Amino acid sequence: MPVRKSILPDLKPDNEHERFMMEAIKEARKALVYDECPIGCVIVKDGKVFVRAHNLRLTRGNAICHAEVLAIDKACKKLGDWRLEDCDMYVTLEPCTMCAGAIIQARIRKVYFGAYEPKSGAVCSCNDIFNVEHGHNHKVEYEGGILEEPCAVMMKEFFRKIRIRDAAKKADKPEDTSN
Ligand SMILES: [Zn+2]
């Protein structure tokens with residue numbers, strides 16, 4: 001069930017970065033249809049959305065199916081090249097360690113993310129992987145907090161819904177409530 005339907009229509013992008021982040025939010029909302037954590041991503045090339053992807057970890061039963069990795073995979077296939085040097089990424093949540101690594105490997109130029117991830121963000125919250133020396137000259141630029149509030153609210157609403165659902169499940173099982 002979609003959460004906070006009103007979030008997106010109320011948003012009016014102030015600039016190009018917000019416009020692309022809105023596209024990433026639209027992608028994130030697709031993940032909600034499958035009860036996936038709402039994380040969306042677009043890769044922009046030549047001023048246009050080149051590919052889009054959303055988190056599919058649960059649906060595919062595969063730990064690596066994060067939005068960023070899926071978007072990189074699509075972009076490489078579409079371009080026929082592993083190097084995405086002229087591409088920028090917009091993702092609704094600060095990337096994790098795996099995705100930050102994939103972003104470096106793909107040589108993405110700049111990453112714009114929405115909400116900060118205090119528990120596992122590898123860009124600046126828990127780690128600063130883009131600033132670690134990786135043995136090659138590529139350095140990924142980044143900027144966080146693009147449409148931060150709607151991105152963060154979307155996550156909070158999702159986890160609130162999961163908590164309510166899990167609590168309801170627990171209440172259905174008498175053995176779980178005996179203590
Ligand atoms: Zn990730």
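All values derive from a computational prediction rather than experimental measurement.

Each value, and the rule that gives it
- Residues numbered from 1 in each chain as written.
- Predicted model: local features only at pLDDT ≥ 70, side-chain atom pairs only at ≥ 80, totals over all residues.
- Heavy atoms only, no water.
- Helix = DSSP H or I, 4+ residues; strand = E, 2+ residues; numbered from the N terminus.
- Buried < 20%, exposed > 50% of the residue type's maximum accessible area, 1.4 Å probe, protein only.
- Contact = heavy atoms within 4.5 Å.
- Areas by Shrake-Rupley, 256 points an atom, 1.4 Å probe, with all protein chains shown as cover.
- Axes fitted to C-alpha atoms, helices over the stretch in contact; angles between N-to-C directions.
- Parallel < 35°, antiparallel > 145°, perpendicular 65-115°, else oblique.
- Left-handed = near helix turned anticlockwise from the far one by under 90°.
- Nonpolar A, V, L, I, M, F, W, Y, C, P; charged D, E, K, R; others polar.
- Pairing = 2+ DSSP bridges.
- Core = buried A, V, L, I, M, F, W, Y, C linked by side-chain atoms within 4.5 Å.

(A) Main features of the overall build of the chain. Along its length, the chain carries 6 helices and 5 strands. Looking at the chain as a whole, 46% of its 179 residues qualify as buried. In the chain, once contacts between residues fewer than 6 apart in sequence are set aside, the share between residues at least 24 apart is 58%. Counting every atom, the chain has about 9900 Å² of accessible surface; 50% of that belongs to carbon and sulfur.

(B) Structural view of the packing of helix 4 (residues 67-79) against helix 5 (residues 97-105). Running from N to C, helix 4 and helix 5 cross one another at 25 degrees; their axes reach a closest spacing of 9 Å. As summarised for this structure, helix 4 and helix 5 are arranged roughly parallel, according to the angle between their axes. As for how helix 4 packs across helix 5, the hand of that crossing is left-handed. In this structure, helix 4 uses Glu68, Val69 and Ile72 to contact helix 5, whose residues at the interface are Met98, Cys99, Ala102 and Ile103. Here the residues of the contact of helix 4 with helix 5 sort into 6 nonpolar, no polar and 1 charged.

(C) Quick peek at the sheet that holds strand 5 (residues 141-143). Spatially, 5 strands are ordered 2-1-3-4-5 in an open sheet, and the strand pairing comes out mixed. The open sheet has two free edges, formed respectively by strand 2 (48-54) and strand 5, since each of these has just one partner strand. Averaged over all neighbouring strand pairs, the angle between strand axes comes to 20 degrees, with direction disregarded.

(D) View of the nonpolar core. The biggest cluster of nonpolar side chains holds 52 residues, and the ones touching the most others in it are Ile43, Ile72, Leu84, Met89 and Ile108. Looking at this core, the elements that each hand over two or more residues are helix 2 (16-33), strand 1 (40-45), strand 2, helix 4, strand 3 (87-93), helix 5, strand 4 (110-115) and helix 6 (148-172). Ranked by residues supplied to this core, first place goes to helix 2 with 7 residues. In this view, Ile72 contacts Ile43, Leu84, Met89, Ala102, Ile103, Ala106 and Ile108; residues no more than four positions away in its chain are not counted.

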